[in-house]
Every structure is written in C-alpha cells, then in structure tokens.
Amino acid sequence: MIQRIQTLYLTLIVILGTLVCIFPPVEFFTPEEAENVRELTFTFTGIYDITNPAVSVKLMSTISLSILSVVIPLIAAVNIFLFKRRILQARINVINVVLCLGWYAILAVYVWFACKNFAVEWFITAWAAIPLVNLVLTLMATRAILRDEALVRAADRLR
C-alpha cells in the first residue's frame, strides 16, 4: 500500500541500506610517527592493504558486516509487502532494529581488530550514520504500523 507512511519509511530504508553496501563506513590511516606507511581500505568484501597499487592484499574479511548490510534493506523490502499483517510487520521491524544495532557492534569489532593488528588509526565516515538513520526510520515505521493496527481494531469494535 503506497499511500501508507510506513511504506515510505521502509522504502527509504531500502534505498539508504543499499548505499551502505557501496560506500566505506570507516577509513584507516597510519600514524605520522609510524616507520612504514600502510594504506588500508575498508570495502564491502574486506579490509585491503593498497600500499602497493599493483597488488592489493586482503587482510581481513568483513563478510558478517556485508551480510547485515544486505539483510537490513532486504527485510525492509519484504516488510513493505506484508501490509495486511500489521502485527507481523511490527515484529519484523523490531528484528531490523536489533540488526541495525548489531551492525554497529560488528563494525566496532572490525575496527578494533584492524587497529590492534595492523597499527593503523581510523576515522568514521558519514556513511556509517546510515544504519542509525535506518534504525530511526524503522522505529517510525513501527509506530505508524501500530497506529494503523489500533485504528483497524477500533473500527472493528464499532461494527
């Protein structure tokens, strides 16, 4: 149902969630006092050492973060078409909220391991805020879904 506001929220989650798959949430750099300078890049498939442009070496796989980055918008896309089952929609949104929080936990683990094992420092990019935006949009969609359910139950009571 396109006219429902929660469909708009869930569609935005799908669009923003696909951007998380494209752009890196974290960038790494070596400290200035380091002896050997390394360039690391955080991609969808892993953390790569790109110091030598001819050969990029995969240092760490980021498959679990990649899976979550795909699953979150996928769940939101499926949830759009469950408009006749509002309680199920709300429950699936709660699962999506937990997955968004888990995304940040897994990102923190990857950053911690990269900083510890490869002697690099990091900074977070603006793209890392997208799961937080998705979390807020999911909560807003859940609120609208539950409001619709209350409206339907009130209409059933009047009959």
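Within any chain, residue numbers begin from 1 and follow the written order of that chain's sequence. Only residues with pLDDT of 70 or above have their local features reported here, since the model is predicted, and side-chain atom pairs are shown and tallied only from 80 upward, although totals for entire chains, interfaces and linings are computed over all residues. Calculation of side-chain values draws on the structure's entire complement of heavy atoms; hydrogens and water are dropped beforehand.

## Topic: the packing of helix α1 (residues 5-22) against helix α2 (residues 63-80)
At step 1: To obtain an axis, a line is fitted to C-alpha atoms, over the contacting stretch when the element is a helix, and the angle between two such axes runs from 0 to 180 degrees between their N-to-C directions. Counting from the N terminus, the helices are the DSSP runs of H or I reaching at least four residues and the strands are the DSSP runs of E reaching at least two. In the contact formed by α1 and α2, the axes pass within 8 Å of each other and the chain directions differ by 160 degrees. When the interaxial angle is binned, α1 and α2 end up roughly antiparallel. By crossing handedness, the relation of α1 to α2 is classed as left-handed. Contacts between α1 and α2 pair T7, L10, T11, I13, V14, G17, T18, V20 and C21 from the former with S69, V70, I72, P73, A76, A77, N79 and I80 from the latter.
At step 2: Each residue receives one of three labels: charged for Asp, Glu, Lys and Arg, nonpolar for Ala, Val, Leu, Ile, Met, Phe, Trp, Tyr, Cys and Pro, and polar for the others, Gly being one of them. Taken together, the residues of the contact of α1 with α2 break down into 11 nonpolar, 6 polar and no charged. In these notes the angle categories are as follows: under 35 degrees is roughly parallel, over 145 is roughly antiparallel, 65 to 115 is roughly perpendicular, and the rest is oblique. With the far helix as reference, a near helix turned anticlockwise by less than a right angle produces a left-handed crossing, and one turned clockwise produces a right-handed crossing. Contacts are assigned to residue pairs that have any heavy atoms within 4.5 Å of one another.

## Some details on the sheet that holds strand β4 (residues 57-61)
As a general point, the strands of a sheet are linked pairwise by backbone hydrogen bonds and lie either parallel or antiparallel.
At step 1: Taken in spatial order, the 3 strands make up an open sheet running β2-β3-β4, and their pairing is antiparallel. Where the open sheet ends on each side, the last strands, each with one partner, are β2 (40-42) and β4. The average undirected angle you get between the axes of adjacent strands in this sheet is 25 degrees.
At step 2: Two strands pair when backbone bridges link them, and β2 and strand β3 (residues 46-49) are joined in this way by 3 bridges, in the antiparallel orientation. Bridged to L40 within β3 is D49.
At step 3: Along the sheet face, helix α3 (residues 86-118) touches β2, β3 and β4 and points at about 135 degrees away from the line of β4. DSSP bridges decide pairing: two strands pair if at least two such bridges lie between them.

## Thoughts on the nonpolar core
In globular proteins that are soluble, nonpolar side chains generally tend to be buried together.
At step 1: For this analysis, a nonpolar core means a set of buried residues of the types Ala, Val, Leu, Ile, Met, Phe, Trp, Tyr and Cys, connected via side-chain atoms within 4.5 Å. Any residue under 20% of the maximum accessible area for its type is buried, any over 50% is exposed, and the rest in between are partly exposed; the area is computed with a 1.4 Å probe on protein chains only. Ranked by size, the top nonpolar core spans 32 residues in total, and within it F28, F42, I47, W103 and L107 carry the most contacts.
At step 2: Those elements that provide at least two residues to this core are α1, β1 (26-29), β2, α2, α3 and α4 (130-158).
At step 3: For this core, the element with the highest residue contribution is α3, accounting for 10 residues.
At step 4: Leave out the neighbours within four places in its chain, and I47 touches F28, L40, T41, F42, V57, K58, L59, M60, T62, Y110 and A114.

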